Amino acid sequence: MVKEVKWTKYLWLSLLSFGAFMLELLSIFAIEVIFLHVDIQNYTMQQRSIHCIIMVFMWAFFIGVLLLFSRKHYHFPEKGSKRDKISSKSWIVTLACFIGCKIMTFIDWHTLKIVGEAQGKTVFQFCAQYLYYIFEVLLVILIIIYGQKAIETLLKKESPIPFGGIILAMTWGAIHFVSRGVGLEIWNGISTMMFSVLSGVMYLRLNRKYLYSYLFIAIGYLL
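Residues numbered from 1 in each chain as written. Predicted model: local features only at pLDDT ≥ 70, side-chain atom pairs only at ≥ 80, totals over all residues. Heavy atoms only, no water.

Caption draft 1: Just the overall build of the chain, in detail. Scanning the chain from N- to C-terminus turns up nine helices and zero strands. Each helix and strand of the chain, placed in order from N terminus to C terminus, yields the pattern α-α-α-α-α-α-α-α-α. Along the longest, intermediate and shortest principal axes, the C-alpha atoms of the chain span 55 × 35 × 30 Å. The buried share of the chain, taken over its 223 residues, is 46%. The contacts of the chain with a sequence gap of at least 6 include a subset with a gap of at least 24, amounting to 73%. If you sum the accessible surface of the chain, you get close to 12,300 Å²; carbon and sulfur atoms cover 71% of it. The centroid of the 21 positive side-chain charges in the chain is displaced by 11 Å from the centroid of its 12 negative side-chain charges. (Helix = DSSP H or I, 4+ residues; strand = E, 2+ residues; numbered from the N terminus. Buried < 20%, exposed > 50% of the residue type's maximum accessible area, 1.4 Å probe, protein only. Contact = heavy atoms within 4.5 Å. Areas by Shrake-Rupley, 256 points an atom, 1.4 Å probe, with all protein chains shown as cover. Lys, Arg positive; Asp, Glu negative; His and termini not counted. Charge placed at Lys NZ, Arg CZ, Asp CG, Glu CD.)

Caption draft 2: Fine view of the packing of helix H1 (residues 7-19) against helix H6 (residues 123-155). At a closest axis distance of 8 Å, the pairing of H1 and H6 adopts a crossing angle of 160°. Of the possible angle classes, the one that applies to H1 and H6 is roughly antiparallel. The chirality of how H1 crosses H6 is left-handed. Within the contact between the two elements, H1 uses Trp7, Tyr10, Leu11, Leu13, Ser14, Ser17 and Phe18 and H6 uses Leu139, Leu142, Ile143, Tyr146, Gly147, Lys149, Ala150, Thr153 and Leu154. Taken together, the residues of the contact of H1 with H6 break down into eleven nonpolar, four polar and one charged. (Axes fitted to C-alpha atoms, helices over the stretch in contact; angles between N-to-C directions. Parallel < 35°, antiparallel > 145°, perpendicular 65-115°, else oblique. Left-handed = near helix turned anticlockwise from the far one by under 90°. Nonpolar A, V, L, I, M, F, W, Y, C, P; charged D, E, K, R; others polar.)

Caption draft 3: Geometry of the packing of aromatic side chains. Taken as a whole and judged by the stated rule, the model has 17 aromatic pairs. Each ring, one from Phe18 and one from Phe21, has its centre 6.3 Å from the other, and the planes form 55°; the classification is tilted. The residues Phe18 and Phe21 share a single accessibility class, namely buried. Ring geometry for Phe21 against Trp59: centres 5.6 Å apart, planes inclined by 80°, an arrangement best described as edge-to-face. You can see Phe21 sitting in the loop between H1 and helix H2 (23-34) and its partner Trp59 sitting in helix H3 (residues 45-74), a full 38 residues away along the chain. For Phe21, a relative accessible area of 9% puts it in the buried group. For Trp59, a relative accessible area of 0% gives the class buried. (Phe/Tyr/Trp six-rings, centres within 6.5 Å; stacked < 30°, edge-to-face > 60°.)

Caption draft 4: Structural detail: helix H7 (residues 163-175). Between its first and last C-alpha, H7 extends 18 Å over 13 residues, near the 18 Å set by a 1.5 Å rise per residue. Inspection of H7 places Phe163, Gly164, Gly165, Ile167, Leu168, Ala169, Thr171, Trp172 and Gly173 among the buried residues, and these make up the whole buried set. Contacts from the buried residues of H7 go to H1, H6, helix H8 (186-205) and helix H9 (210-222). (Expected span 1.5 Å × (residues − 1).)

Caption draft 5: Region of interest: H9. Spanning 13 residues, H9 covers 18 Å between terminal C-alpha atoms, matching the ideal 18 Å at 1.5 Å per step. Those residues of H9 that fall on the buried side of the exposure criterion are Ser213, Tyr214, Phe216, Ile217, Ala218, Gly220, Tyr221 and Leu222.

Caption draft 6: The arrangement of the pattern of salt bridges in detail. The tally for this structure, following the rule as stated, stands at five salt bridges. With a closest N to O distance of 3.7 Å, Lys113 and Glu117 form a salt bridge. Here the residue Lys113 and the residue Glu117 both occupy positions in helix H5 (residues 113-118), the gap between them amounting to four residues, near one helical turn. Across this residue pair, the class does not change: Lys113 and Glu117 are buried. The residue Glu117 makes a salt bridge to Lys121 at a minimum N-O spacing of 3.0 Å. On the basis of relative accessibility, which here comes to 23%, the residue Lys121 falls in the partly exposed class. Within the structure, one salt-bridge network assembled from shared partners comprises Lys113, Glu117 and Lys121. (Salt bridge = Lys/Arg side-chain N within 4 Å of Asp/Glu carboxyl O.)

These figures capture arrangement, not role.
Printed below as a string of structure tokens:
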């Protein structure tokens, strides 16, 4: 018999997934300064690309360890999905959330994000940036998955409320008010918090299917 897991255990895994974003500070202020002799006051595009590659390796290691630990001790996330087929209504809601995500990124970039990101970058710089984003979204989906599981374990039932998305909004979303280091950015914070909640809704509407959820959230964020 599997021992019942306290809800706080899942919440800590959700918060740890958010904490992984803070590894950027370790990279910028320690690894890159000490080993690569980078002047953080004069970051070049090439140095930014190297930073992205470093973060990909750090996040990949963190995600691998987190999932191995969670599977071994909590038997979660479950392998595969035995849930029912996604209903037509759920697909419609998912697509509506997806469109909402794309509207916000269009407002941010005044074009598709992928087009805006490609401007002024070499192929290497663009690929490095998007590898960074791919792993960033992996952390995002982990915050949602563990956050939703935590609150539902507390309530002792599944809920249609996107608690995982709300926790994502309160952590990853809220940090975007100041994430660029240029003072308070109201729209950046608000739009990312809205994206977070919409992502939480998509996860639930897609019957908590991890691959589908990741694909919709990733495309909504990266396209």
